[in-house]
Amino acid sequence: MEAVFYVIPGVLYALAGFLMKLSDDAHDRRNNNLLAIFTGFLSALCIVYLAVTSADAACIFVGILIGNLLAWKIDSINHVVSFLVLIGILAVLGIPSIGIVTLAVCAAAAFVDEIGNDNPRVSKWGSAPEFFFEHRFTLKIAVLAFAVLGLFGAPVAGVQYFQIQTFVYFLMFEVFYEVAASKFDIIYDGLYSVFGAFR
């Protein structure tokens, strides 16, 4: 029974990443706002549950939200709806106490990833930097660092250490985000054949 408490967060991290990318590509690649909003809404609900029940998740996802805001990446109808859902529900339910220093680092890492992603200047630096930012490694490194420090680090004011499973969960988020990206056409065509992709 105890295993369920570890499985559920992993499933929700995976679903959040998968649905988030479906939302992005439905809007960007197929101009299907209805599907983009619906999948973005479902992704936001997964994130809300995680953020309300886990201080680690709250710190990571609020950091991502701040980083995206600063990078002006909340720039489409599905992003706006998801943002409002997240902010609205979290404002009502609240989140666990999080470390301000860790939040700032996660927000900065998310900001750097968003600025570097799809940036023509980065492409000129070579394939390695382009791959690094395309797959948003800055935040992965930050999450890993706080998870490792959680095993050995002494308490520091404002610093929140993550549990090691949080890094595994976050990798699941990223892996399923990439799965949705690589299989988008197959997934979209399947949804379209069954549901008309909600049109």
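Residues numbered from 1 in each chain as written. Predicted model: local features only at pLDDT ≥ 70, side-chain atom pairs only at ≥ 80, totals over all residues. Heavy atoms only, no water.

## So, the pattern of salt bridges
In this structure the tally under the stated criterion is eight salt bridges. Where Lys-21 meets Asp-25, a salt bridge forms, and the shortest distance between an N and an O atom there is 3.3 Å. Taken together, the positions of Lys-21 and Asp-25, both in helix H1 (residues 4-28) and four residues apart, correspond to about one turn of that helix. Put simply, Lys-140 and Glu-174 hold a salt bridge, and the shortest N to O gap is 3.5 Å. Of this pair, Lys-140 sits in helix H8 (residues 137-152) while Glu-174 sits in helix H9 (residues 164-182), placing them 34 residues apart in sequence. Take Lys-140: its relative accessible area is 11%, and that puts it in the buried class. In this structure, a network of salt bridges that share partners links the residues Lys-21, Asp-25, Arg-29, Arg-30, Asp-185 and Asp-189. (Salt bridge = Lys/Arg side-chain N within 4 Å of Asp/Glu carboxyl O. Helix = DSSP H or I, 4+ residues; strand = E, 2+ residues; numbered from the N terminus. Buried < 20%, exposed > 50% of the residue type's maximum accessible area, 1.4 Å probe, protein only.)

## A word on the side chain of Asn-32
Checked against the element boundaries, Asn-32 lands in the loop between H1 and helix H2 (33-53). Polar side-chain contacts of Asn-32 include one of 3.0 Å to the side chain of Tyr-188. (Polar contact = N/O pair within 3.5 Å; in protein donor to acceptor, adjacent residues only side chain to side chain.)

## Re the packing of H1 against helix H4 (residues 77-93)
Where H1 meets H4, the closest approach of the two axes is 9 Å, and the angle between their N-to-C directions is 150°. Each of Ser-23, Asp-24 and His-27 in H1 lies in contact with H4, whose residues at this interface are Ile-77, Asn-78 and His-79. By residue class, the composition of the contact of H1 with H4 is one nonpolar, four polar and one charged. (Axes fitted to C-alpha atoms, helices over the stretch in contact; angles between N-to-C directions. Contact = heavy atoms within 4.5 Å. Nonpolar A, V, L, I, M, F, W, Y, C, P; charged D, E, K, R; others polar.)

## Some remarks on the packing of aromatic side chains
Taken as a whole and judged by the stated rule, the model has nine aromatic pairs. With 5.8 Å between their ring centres and 10° between their planes, Phe-170 and Phe-173 make a pair best called stacked. Placement of both Phe-170 and Phe-173 in helix H9 is noted, with a separation of three residues, approximately one turn of the helix. Through pairs of rings, three or more aromatic residues link up here, namely Tyr-13, Phe-61, Tyr-169, Phe-170 and Phe-173. The ring of Phe-137 is capped by Lys-140, whose NZ or CZ atom sits 4.9 Å from the centre of that ring. (Phe/Tyr/Trp six-rings, centres within 6.5 Å; stacked < 30°, edge-to-face > 60°. Lys NZ or Arg CZ within 6 Å of the ring centre and 35° of its normal.)

## Some words on the nonpolar core
Soluble globular proteins tend to pack their nonpolar side chains together in the buried interior. Residues Tyr-13, Phe-61, Leu-139 and Phe-162 are the most contacted members of the largest nonpolar core, which totals 41 residues. Elements represented by at least two residues in this core include exactly H1, H2, helix H3 (55-70), H4, helix H5 (100-116), H8, H9 and helix H10 (184-195). In terms of residues, this core owes the most to one element, H2, which gives eight residues. (Core = buried A, V, L, I, M, F, W, Y, C linked by side-chain atoms within 4.5 Å.)

## Digging into unusual backbone geometry
In this structure, Asn-31 is a non-glycine residue whose phi angle is positive, near 55°. Taking the relative accessible area as the measure of exposure, Asn-31 reaches 59% and is therefore exposed. Unlike most non-glycine residues, Trp-72 shows phi in positive territory, near 55°. Here Trp-72 is to be found in the loop between H3 and H4. Given a relative accessible area of 74%, Trp-72 falls into the exposed group.

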